[in-house]
Amino acid sequence: MSQSDIQQSGPIGVFDSGYGGLTILREIRSRLPQYDYIYLGDNARAPYGTRSFDVVYRFTLEAVRHLFDRGCRLVILACNTASAKALRSIQQRDLPGIDPTRRVLGVIRPTVERLGRLSRNGHIGLLATHGTVSSHSYDMEIEKLYPDRSITLTSKAAPMWVPLIENGEADKPGADYFVTKYIGELMGADPQIDTLLLGCTHFPILYPKIRAAVPEGVDIVCQGHIVADSLADYLRRHPEMERRCGKGGACRYLTTESPDAFSRLAAMFLGEDVDASHVVL
């Protein structure tokens with residue numbers, strides 16, 4: 001590595017509107033532990049799922065700029081809503097003016113690339129936030145990537161799941177009703193679904209209850225492993241970016257909300273203690 005590469009290297013930024021992106025970060029760090037990371041959660045303005053395209057775009061761009069200011073050359077939007085409503089605008093409209101050598105990547109495209117290989121009969125179910133479902137981003141990516149294959153995507157918003165998780169109710173009996181309700185409605189809309197995508201990074205926290213409610217033979221897809229594998233492949237194919245990613249194995253946590261509250265909940269997502277710092281976007 002040249003001296004200029006060392007001077008320009010920085011952490012990989014991972015952004016989410018709240019805590020769910022920690023499930024992505026956990027898998028990325030497990031897959032690629034050698035790199036430095038900064039996680040930024042915009043918890044003070046969460047959830048993003050019910051906000052308009054313009055608001056999500058503005059909030060996400062503020063977060064990306066903040067991570068760039070902290071030295072990130074590469075930022076992962078570990079949030080389906082931000083990926084759906086802001087990624088393309090930031091990539092096409094903002095990056096060329098900010099710094100054309102930096103990159104912002106999302107979670108939807110790599111997920112869809114994997115989905116097409118996982119489904120046996122082409123019937124896929126999507127459980128996500130209202131924002132992700134209403135954006136039709138998964139539908140559009142499926143049409144782009146599989147123009148010659150018949151894939152039926154049935155989507156269902158699960159608006160109560162994120163509040164349950166963030167209020168520490170994921171393992172309580174009260175969560176069973178809403179898990180069973182949304183899965184029942186989704187499977188009722190298309191009983192042929194053989195692959196179920198959890199299209200919100202919070203949802204893996206509910207995995208045990210989801211697995212119990214989903215019919216036998218239906219595969220459940222969480223995004224963490226997919227995004228981690230996709231990032232590893234991206235860095236392999238782009239050595240110029242790989243050289244600009246710091247390699248000290250460090251990870252910092254930033255939140256726009258109370259650092260103490262963030263640290264307590266983040267420990268549930270990560271299974272380890274977290275020491276977060278407060279930031280203003």
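Residues numbered from 1 in each chain as written. Predicted model: local features only at pLDDT ≥ 70, side-chain atom pairs only at ≥ 80, totals over all residues. Heavy atoms only, no water.

A.B. asks: Sorry, what's going on with the sheet that holds strand β10 (residues 276–278) here?
C.D. replies: Strand pairing within a sheet occurs via backbone hydrogen bonds; the two strands may be parallel or antiparallel. Spatial ordering of the open sheet is given by β4-β3-β1-β2-β9-β10, a layout of six strands whose pairing is parallel. Each end of this open sheet is capped by a strand with a single partner; those strands are β4 (103–105) and β10. Sheet twist, expressed as the average angle between the axes of neighbouring strands with direction ignored, equals 25 degrees. Across four bridges, the pairing between strand β1 (residues 12–16) and strand β3 (residues 74–77) is parallel. (Pairing = 2+ DSSP bridges. Helix = DSSP H or I, 4+ residues; strand = E, 2+ residues; numbered from the N terminus. Axes fitted to C-alpha atoms, helices over the stretch in contact; angles between N-to-C directions.)

A.B. asks: Sorry if this is basic, but what is going on with the packing of helix α6 (residues 108–118) against helix α12 (residues 223–237) here?
C.D. replies: Helix-helix packing is characterised by the crossing angle of the two axes and by the distance between the axes. It is at 9 Å that the axes of α6 and α12 come closest, and there the two elements cross at 105 degrees. By the angle class used here, α6 and α12 are roughly perpendicular. On the side of α6, the interface is formed by P110, T111 and R114, while α12 contributes Q223, I226, D229 and S230. Classifying every residue of the contact of α6 with α12 gives two nonpolar, three polar and two charged. (Parallel < 35°, antiparallel > 145°, perpendicular 65-115°, else oblique. Contact = heavy atoms within 4.5 Å. Nonpolar A, V, L, I, M, F, W, Y, C, P; charged D, E, K, R; others polar.)

A.B. asks: Teacher, can you tell me more about the environment of G271 here?
C.D. replies: Residue placement: G271 occurs in the loop between α14 (259–270) and β10. Sequence separation of G271 and T195 is 76 residues, and the distance between their C-alpha atoms is 27 Å.

A.B. asks: What should I look at first to understand the sheet that holds strand β6 (residues 152–157) in this one?
C.D. replies: Pairing is parallel across the open sheet formed by four strands, whose spatial order is β6-β5-β7-β8. Every other strand in the sheet has two partners, leaving β6 and β8 (219–221) as the edge strands with one partner each. Strand after strand, the sheet turns through a mean of 20 degrees between neighbouring axes, direction not considered. Judged from the four bridges that link them, strand β5 (residues 123–128) and strand β7 (residues 195–198) form a sheet pairing that is parallel.

A.B. asks: Just to check I follow, could you spell out the nonpolar core for this structure?
C.D. replies: Burial of nonpolar side chains together is a common tendency in soluble globular proteins. Within the largest apolar cluster, 72 residues are counted, with the highest numbers of intra-cluster contacts made by L22, W161, I210 and L235. Examining the composition of this core, we find that seven residues originate from one element, α12, more than from any other. Excluding its chain neighbours within four sequence positions, the residues that come into contact with L22 are Y39, Y253, F262, A266, F269 and L270. Of all hydrophobic cores here, the second largest spans 25 residues; its members include A63, V75, A82 and L95. (Core = buried A, V, L, I, M, F, W, Y, C linked by side-chain atoms within 4.5 Å. Buried < 20%, exposed > 50% of the residue type's maximum accessible area, 1.4 Å probe, protein only.)

A.B. asks: Explanation requested: the pairing of β1 in the structure shown.
C.D. replies: For a regular strand, side-chain orientation follows a simple rule: the groups alternate between the two sheet faces. Burial analysis of β1 places five of its five residues in the buried class, the great majority of the element. Of the two faces of β1, the one carrying I12, V14 and D16 and the one carrying G13 and F15 are both buried. Looking at chain direction, β1 and strand β2 (residues 37–41) are connected through five bridges and run parallel. Paired with G13 across the strands is I38, a residue of β2. Between the parallel pair β1 and β2, the chain is carried across by helix α2 (residues 21–31), and the sense of this crossover is right-handed. (Right-handed = clockwise from strand over helix to strand, strands pointing away.)

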